[in-house]
Amino acid sequence: MKQTLSLLAAFALASSIAAQTPSTGTISGRVFNPATGEYVRNAEIVVAGTNQSAVSTDGGQYTLPNLPPGAVTLKVTYTGYHAAPASVQVQAGQTSQQDFNLISTETRGADGAVVKLGEFVVSADREGNAKAIMDQRKNMNVSNVVASDVFGNIHEDNPGEFLKYLPGVDIEFSADQPRAIRIQGMDPEYTAVTVDGERVPSGDAYVQFLGTANTAAGDSSRQVALTDVSLSSIESIEVFKTNSADLDADAPAGTVNMRMRRAFDRKGRHISWQLSALANSTEFHLNRVYGLDDEKHRRVKPGGSISYSDVFLDRRLGVIATLSRSTSFSQEQRVVPRVSTTPEAGDPRPVVINQLSYQDNPRTSERGSVAATIDFKATPHLALSLRASYNYSEFRSSNHTLNFQFSANNNTVNGRATVRGDGLTVLETGPSTDANRFVQNNAGRGFQKLGDSLSVSPGFEYKRGRLLVDGRLSYSASLSTIRGIEEGYVSGFTQANLAGVNFRAERSSPNTTDWVIRQTSGPDWNDPASFKNPGIGDEYRDGKHQIFTGTLNARYDLPLRFPTWLKVGIKSNEQVRDYISLFDALKWAYVGPGGGTTGSYGDPATPMNFISPALTKHPFAKFWGTTSGLPPSFPSRPAITEAFKAHPEWFRETTTATQWVNSYIKSDKDYEEQVNAAYIMGFAKLGRLRMQTGLRWEETKTASKEYDPLLLSQVREAGFPVSGNEASTIAGLEYRYRSRPRVIRTGQYDNFFPTFSAKYDIRPNLMAHFGYNQAIQRPGFNHVSGLWAVNEDALIVSVPNPGLLPENTEKYMTRLEYYFEPVGHLGIGAFQTNVENMREAHEYTAEEFGVDDPFYFDYIFRTQASGSGKRRLKGYEVDYRQQLAFLPGIFRGLGIYANYTRTLSTTRKSGVAPHHIKGGFSFRYRRLGLGANVSWYPDTPRSNQYQFRREYTSIAANLDFKLAQNTSLFIIGKNITNEVEVEAQVTPDGHEWDRQYSHYGSIWTLGIRGTF
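Here's what I pulled together on the structure shown here. Values in this document were obtained by computation on a predicted structure and should not be read as measured data. (Residues numbered from 1 in each chain as written. Predicted model: local features only at pLDDT ≥ 70, side-chain atom pairs only at ≥ 80, totals over all residues. Heavy atoms only, no water.)

## Remarks on the environment of Gly599
Relative to the helices and strands, Gly599 is located in the loop between strand S37 (587-590) and strand S38 (621-624). In the structure, Gly599 is positioned 70 residues away from Ala529 in sequence and 7.7 Å away in space, judged by C-alpha atoms. (Helix = DSSP H or I, 4+ residues; strand = E, 2+ residues; numbered from the N terminus.)

Take a look at the structure:
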């Protein structure tokens, strides 16, 4: 820290000395693109005949210091554009002003004459790709960049819908909802997500307690939920696949940084707006249909956004504000065949389906955001800024599940022979009824998830001579709540299985899902009174994540003949996380009118006998009751909720001691983490070679607040009953865990992280790029915080480890890049990430674990600790993107892209595709614009070593038509082929079958947008 402050003081002194030497002059100015109305960054301004150059920064500003007096010629380079050279007279001790206007290379006609700007139709894809290419070309980190100009071709505000088309990037999904970012095969918790360099908080209670497609609950506590991020205020997204020393070091996979828009990037006032409507193909109409609340609603959902920016006070004050809202409806529908693959002596069939499980999960989601940025030039050298944003999301889900059990004894081992038919295309029960052959209908999981995130970040930037100092304070918080009854309906209802029935299921072939399921005898499954012993459950889960950050950076351009600078910085980051889930403990039995163990929700005496209209249009089956010809019934979830609120005496709590301790004690997490950091880095450009290197230091301090339970002997002495290794009553558990204050357990470690990158210009448009950095992955909160579980019989204590050290990683990436003119690039790269000190289970004595309580002298402590495990991921990427402006006639408006990623891992990783291909095109001719994006994935592993998702192709398309120069109609389609996602399983001997089919429908957005 002292060395860093000393370096800052030295920079300030050097700047002062340089300012007192008037033997040279300075040129400064701005680079403007009239076609888009924006000032551009990363344009290169070169002093002809010298090695002196500058790169424009935010707001298009550039500065060329230390120039000898006299006339000099400046040239500007920016892909797809040109600017007339300018002759500038440099005067000693003074600053000359020289601005540049860029002219698109597409604005020249066949005879070479310049076309008037009004006759030139601006292509969002072309302009966006040009900015992205310049960002990527100038960045010393190996990266991919995308600009906001092409953000319009996605459905919602979720950045995952856009990032999924980049090379080396995958999106972790929960059903069809983008949840988190995976880079080059590494899990999402290995990726840092920032906005303007500040970490994005994520208190996502859904991921923490329910997990995602490829991660178990609790194992993804560090991943950032994309529902906490809005695209409406974002100017561009940078995906850094290698990190420099000025970036946080806990990002082994890379860093995704989202740059907010700034008013100074535009000239004058600018307003953009959009109105849209979104629909799902499963309900592609304007009719009112039954919704989550068993009331009729339209499935088409509205959305919109508006953005305003302007500059005031002679361009000293810039303001930009955005407001957005999007809503959507989706329909997740599944069928899960559960099979037996172990033939018996009397049943040689290789595979027998013994259960069919159907899920119908209609969901609505709403997202909104408000964001504002204020920039103020207090003096010619000092700029102040304030950036603030608020995002909210509301997600409602109402799952209904049907299980048809065909085998007797409800057993996959010895019950398979009782399944009549061939076991694959024809399944039948009978001829006699059996209590273990049943139909089960339950609510599954229904809830409302609310998410709020707030960020406030004031900062400053001071620039004088060769010295640039900037700093920022930041507070951000994310709150996620999942509720059931509190928000209008019970999370789940329970009923006894409908036994004493027979039924038959039939489909056309072993590879189809066109099941027809008929009840052949027994009580009609459509009658609510057939299902007995009703009960309910509730949702209550909270997640909160707060981040407090302070940063200070200083950069000094050295007065050498070639561009060279040094940069130092310090940062302190404190995170507070709190989680709790009471789901297991919130259970009741319905004992009101018509209820009880032999009653039901369907008794005429109860108000809950409304039949919810679920599963009537399931894509994977048709259901026929014995008399009604209808599927099994579901009671009304909202009606049950209203009864619970109005008559709590009708419901008897059934929470067990185990459920209580799992909810109120084991799930209660309270964790704090502070990271202090300092770094130094330098850059030099020597002819064709550019090099950047640095060293970062980070110190991590952790504190976990945990329960300090009494011994079981103390619980017995107090008169509470004990069973096994736990108190057997809730009162006993209360006494054991809450009789004394919680304790704070701490940990501390520090690390150094070297970084290096280099670029070599083989030719003006061909360069080689290499990057290297070391990083860490801090352990998830489930490993460092939680409950001490004491087994007094076996003398074993299972404990979290607050001092658990992180995994260490090092990453290498190299890429050969060729840049086409006017706008395009081709990149071929290879990467390798080595992971060491992987966590594994360890056993310690009390002394080794640092416990000095005499009681635990003979105990063994089991916990997670750093081990000798290693993993290596490697692969390569090919990335091509080009605007084909050289083609004749209408084809000049065609742009294409394609990328391929190959990933290899020394260990099997769920969700990591061995390779994938993405590609698409954009086309504009006069008023019409067309585009399409295709993603293809081969068979991809799932969490179980014998399970995988089958080959999958997703196609999206878009169309827009200009009604006027600044107004367009647009249509966007996602999964337009209605692709069904199939998960399969294979036995150790190689037998394979489909274990799950998931259908989400296609999603369509129709809207109008414009600017003025």
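What follows picks up the thread again.
## With respect to the sheet that holds strand S27 (residues 426-428)
Spatial strand order, S27-S32-S33-S38: four strands in an open sheet with mixed pairing. Sheet topology places S27 and S38 at the edges, where each strand pairs with a single neighbour. Between one strand axis and the next, the sheet turns by 15° as a mean value, whatever way the strands run. Judged from the three bridges that link them, S27 and strand S32 (residues 502-506) form a sheet pairing that is antiparallel. The residue of S32 that forms the bridge with Val426 is Glu506. (Pairing = 2+ DSSP bridges. Axes fitted to C-alpha atoms, helices over the stretch in contact; angles between N-to-C directions.)

## Here we look at the sheet that holds S37
Read from one edge of the open sheet, four strands run S31-S34-S37-S39, paired in antiparallel fashion. The open sheet terminates on both sides in strands that have one partner only, identified here as strand S31 (492-494) and strand S39 (651-653). Averaged over all neighbouring strand pairs, the angle between strand axes comes to 30°, with direction disregarded. Examined bridge by bridge, S31 and strand S34 (residues 535-537) share three bridges and lie antiparallel to one another. Bridged to Phe493 within S34 is Ile536. Strand contacts of helix H5 (residues 637-646): S31, S34, S37 and S39, with the helix running at about 80° to S39, the strand carrying the most contacts. (Contact = heavy atoms within 4.5 Å.)

## Remarks on the environment of His991
Secondary-structure assignment places His991 in the loop between strand S58 (981-986) and strand S59 (992-999). C-alpha separation for the pair His991 and Pro350, spaced 641 residues apart in sequence, amounts to 8.6 Å. Apart from residues lying up to four places away in sequence, His991 is in contact with Pro350, Val351, Gln985 and Val986.

## Some remarks on the nonpolar core
Formed by 44 residues in total, the largest nonpolar core has its most connected members in Leu356, Tyr358, Phe404, Trp515, Ile517, Ile536 and Phe651. Looking at which element gives the most residues to this core, the answer is strand S24 (residues 352-377), with four residues. Residues contacting Ile536, with those up to four places away along its chain left out, are Ile485, Val490, Gly492, Phe493, Thr494, Leu586, Lys587, Trp588, Tyr601, Ile640, Phe644 and Phe651. (Core = buried A, V, L, I, M, F, W, Y, C linked by side-chain atoms within 4.5 Å. Buried < 20%, exposed > 50% of the residue type's maximum accessible area, 1.4 Å probe, protein only.)

## Concerning helix H8 (residues 730-738)
Among all positions in H8, only Gly732, Leu733, Arg736 and Tyr737 are buried. Along the axis of H8, the buried residues cluster in a sector spanning 110°; they form a single face. On its buried face, H8 sits against helix H6 (657-666), helix H7 (712-717), strand S43 (726-727) and strand S46 (789-791). (Arc of directions from axis to C-beta.)

## Quick look at the pairing of strand S19 (residues 270-280)
Note: S19 against strand S22 (residues 301-312), nine bridges, orientation antiparallel. Bridge assignment links Ser276 to a residue of S22, and that residue is Gly303. Pairing of S19 with strand S60 (residues 1003-1011), which is carried by nine bridges, proceeds in the antiparallel orientation. In the sheet register, Leu278 faces S60, and the bridge partner there is Thr1005.

The values reported here are purely geometric and, on their own, carry no functional implication.
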